[in-house]
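Overview (structure and organization)
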Amino acid sequence: TELGIERRFVPESCPRAVRPGDFVRYHYLGAFPDGTRFDSSYDRGSTFNVFVGKGQLIAGMDQALVGMCVNERRFVKIPPKLAYGSEGVPGVIPPNAVLHFDVLLIDLWNSEDEVQVQTYFTPEKCPRTVQVSDFVRYHYNGTFLDGTLFDSSHNRMRTYDTYVGIGWLIPGMDQGLLGMCVGEKRIITIPPFLAYGEDGDGKEIPGQASLVFDVVLLDLHNPKDGIAIENQLVPESCERRSQTGDFLRYHYNGTLLDGTLFDSSYSRNRTYDTYVGKGYVIAGMDEGLLGVCTGEKRRIIIPPHLGYGEEGRGKIPGSAVLVFDIHVVDFHNPSDSVSITVHYKPSNCTILSKKGDYLKYHYNASLLDGTLLDSTHSLGKTYNIVLGSGQVVLGMDMGLQDMCVGERRTVVIPPHLGYGEDGVEGEVPGSAVLVFDIELLELVSGLPEGYMFVWNGEVSPNLFEEIDQNHDGEVLLEEFSEYIQTQVDTGKGKLAPGFDFDKIVKNMFTNQDRDGNGKVTAEEFKLKDQEAKEEHDEL
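Going by an unreviewed UniProt entry, the protein chain carries the name peptidylprolyl isomerase and comes from Vidua chalybeata. As stated in UniProt under Function (unreviewed entry), the record for the protein chain gives "PPIases accelerate the folding of proteins during protein synthesis." Listed in UniProt under the heading Subcellular location (unreviewed entry), the comment for the protein chain reads: "Endoplasmic reticulum".

Below you can see the structure in the form of structure tokens.
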């Protein structure tokens with residue numbers, strides 16, 4: 001005669017129990033005491049949906065549902081007076097029938113409910129939260145209140161990308177995403193009237209279903225955003241900042257806003273080299289690389305409309321905010337020339353280096369970021385060249401001009417006057433600016449341009465006869481070489497310094513041997529000034 005309730009399963013967590021006025025969705029099996037079944041929601045493939053305590057149910061069920069938790073299972077015995085009484089239901093429930101119901105509560109909400117947000121992970125840093133009209137990328141698992149999964153972006157391996165607060169989402173999700181930080185994880189519980197309502201979505205979500213979304217926010221931007229720059233390290237000395245048209249070499253780590261790495265120049269062990277402000281890189285990077293110093297480290301945050309847009313590229317998903325942590329190694333402009341800074345100049349600086357002089361000097365060679373490339377000091381010997389003869393890169397030929405012995409200077413050489421785009425494999429990176437700290441130790445004055453040998457006094461009027469020692473009217477290379485060696489040894493003549501003796505002499509002899517037979521005759525033999533009159537240069 002009394003209502004009987006047996007709680008056959010009670011979930012560990014019960015954040016909310018049924019109260020009069022709540023709307024519930026539940027499954028049930030209805031049977032008579034002898035076990036004969038008279039009804040089942042399972043057979044219909046849908047829950048029974050109803051308000052509790054509003055007279056929409058038999059009195060016994062109205063009472064039996066109160067206090068139930070979602071996922072709780074109750075066995076309910078309802079006497080006739082709390083069921084269909086003495087009249088019953090013709091053809092279904094006989095008069096004065098006791099009814100047994102096996103009830104499983106699936107869903108529970110109230111018309112006064114609001115969106116519930118439970119944050120269970122908050123990142124340490126949260127520089128920005130979701131606002132109305134922001135565009136977000138997030139992953140989610142969507143379940144019903146009983147835990148049944150109906151959808152998951154994780155299963156599709158693709159984020160859900162949408163604007164917030166402008167009607168692209170169900171109202172409850174529009175509300176539930178507001179205020180989130182990138183990296184935050186929260187559970188958003190949405191009553192059906194803020195979700196898919198009485199009709200559901202026509203697919204997986206039934207009518208009047210509460211929805212639970214377990215969300216992790218991966219990305220956030222606004223279409224009005226520009227790039228954001230966070231300076232991480234700015235050198236104390238910054239003599240020059242990058243401008244449009246400069247060529248930069250820099251290292252970078254590229255990540256998404258949630259920290260996922262998508263690219264790194266460090267992993268390739270090679271800088272990224274590009275012009276700035278010329279459209280060679282994405283618009284946000286073009287802007288973010290302006291105004292940097294050599295050695296500077298900065299973070300550049302680029303919204304997708306200044307990055308790779310809605311389509312993305314490679315490992316970069318569509319509509320992704322990009323974060324680049326860059327380190328500027330060097331930069332130059334194609335119009336740059338050699339830069340010379342003199343650190344010390346002797347007081348008696350009267351003889352200055354010029355083209356053709358033989359120089360001996362020490363140097364330390366480095367990149368613009370200070371990376372040491374080479375040093376004569378470590379080798380224990382000087383570097384020796386003939387200035388202007390192409391024995392060093394053009395920028396060094398320029399940087400060594402007009403030096404005096406004892407002078408110390410720093411020479412900065414742009415790549416187009418150094419080793420160019422290719423560099424030197426294993427030694428000098430391509431497109432690298434070079435820095436040489438130089439000390440000139442010795443200078444041997446060269447000969448006038450175009451001369452390999454000059455006389456220190458008057459030239460003998462019988463020069464050919466003196467060279468032709470056996471007086472056979474022909475001069476062989478051996479005779480010629482021996483004669484020149486004697487003139488140099490006795491101080492009567494001077495060879496261009498810094499060159500191999502045998503090569504110079506052979507070159508001089510070849511120029512005199514005009515018919516190429518390996519012998520020089522008196523008719524062939526001419527001095528430099530005689531050749532000039534004939535408009536012919538010996539060398």
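So, about the UniProt feature "domain: EF-hand" (unreviewed entry) in the protein chain. The feature "domain: EF-hand" (unreviewed entry), as given by UniProt, occupies residues 455-490 and 500-535 in the numbering adopted here. Secondary structure within residues 455-490 divides into 50% helix and 8% strand; the distance between the first and last C-alpha atoms comes to 11 Å.

Per the stated rule, a full pass over the model turns up four disulfides. Here Cys126 pairs with Cys181 through a disulfide, and the sulfurs are 1.8 Å apart. Judged by the sign of its S-S torsion, about -90°, the cystine formed by Cys126 and Cys181 is left-handed. Highlighted residues: Cys126 in the loop between β7 (116-121) and β8 (135-144) and Cys181 in the loop between α4 (171-176) and β11 (185-190), separated in sequence by 55 residues. Taking the relative accessible area as the measure of exposure, Cys126 reaches 32% and is therefore partly exposed. Each disulfide pairs two cysteine sulfurs, and for Cys238 the partner residue is Cys293, the sulfurs being separated by 1.8 Å.

Glancing now at the packing of aromatic side chains. Across all of its chains, the model carries 33 aromatic pairs by this definition. Relative to Trp109, the ring of Phe51 has its centre 6.2 Å away and its plane inclined at 70°; by these criteria the two rings are edge-to-face. With Phe51 in strand β4 (residues 48-51) and Trp109 in strand β6 (residues 99-109), the pair connects residues that are 58 residues apart, well separated along the chain. Cluster of aromatic residues (ring-pair linked, three or more members): Tyr26, Tyr28, Phe32, Phe38, Phe48 and Phe101.

We now examine the environment of Phe48. In this fold, Phe48 is placed in strand β4. Among the residues examined, Phe48 registers a relative accessible area of 28% and is labelled partly exposed. Along the backbone, Phe48 and Ile106 are 58 residues apart, and their C-alpha atoms lie at a distance of 9.6 Å. Leaving out residues up to four positions away in the same chain, Phe48 has contacts with Val24, Arg25, Tyr26, Tyr28 and Leu57.

As a further point, take helix α10 (residues 477-489). Taking 1.5 Å of rise per residue, the 13 residues of α10 would be expected to cover 18 Å, and the 18 Å separating its terminal C-alpha atoms lies within 8% of that figure. Burial in α10 covers these residues: Glu479, Phe480, Ser481, Tyr483, Ile484 and Gln487. Packing partners of the buried residues in α10 comprise β25 (453-455), α9 (463-467), β26 (474-475), β27 (493-495) and α11 (501-512). Gly491, located one to two residues past α10, shows a positive phi value of around 80°.

This part takes up the UniProt feature "domain: PPIase FKBP-type" (unreviewed entry) in the protein chain. The UniProt record annotates "domain: PPIase FKBP-type" (unreviewed entry) at residues 21-109, 133-221, 245-332 and 356-444. This span, residues 21-109, is 12% helix and 38% strand, and a straight line between its end C-alpha atoms measures 9 Å. When the span residues 356-444 is considered, its composition is 11% helix and 39% strand, and the gap between its end C-alpha atoms is 9 Å.

Applying the stated criterion to the full structure yields 28 salt bridges. Here Lys81 ties to Glu2 by a salt bridge, and the two come within 3.8 Å at their closest N and O atoms. With Lys81 in the loop between β5 (73-78) and β6 and Glu2 in the segment before β1 (4-9), this residue pair connects regions lying 79 residues apart in the sequence. One exposure class covers both Lys81 and Glu2, and it is exposed. Across the salt bridge formed by Glu442 and Lys360, the nearest N and O atoms sit 3.8 Å from each other. Taken together, the residues Glu442 in strand β24 (residues 434-444) and Lys360 in strand β20 (residues 358-367) connect sequence positions 82 residues apart. Classification of Glu442 by relative accessible area gives partly exposed; the value is 36%. For Lys360, a relative accessible area of 25% puts it in the partly exposed group.

Parameters and conventions
Residues numbered from 1 in each chain as written. Predicted model: local features only at pLDDT ≥ 70, side-chain atom pairs only at ≥ 80, totals over all residues. Heavy atoms only, no water. UniProt positions renumbered as here; feature names shortened; annotations may be inferred. Helix = DSSP H or I, 4+ residues; strand = E, 2+ residues; numbered from the N terminus. Disulfide = S-S within 2.5 Å. Buried < 20%, exposed > 50% of the residue type's maximum accessible area, 1.4 Å probe, protein only. Phe/Tyr/Trp six-rings, centres within 6.5 Å; stacked < 30°, edge-to-face > 60°. Contact = heavy atoms within 4.5 Å. Expected span 1.5 Å × (residues − 1). Salt bridge = Lys/Arg side-chain N within 4 Å of Asp/Glu carboxyl O.

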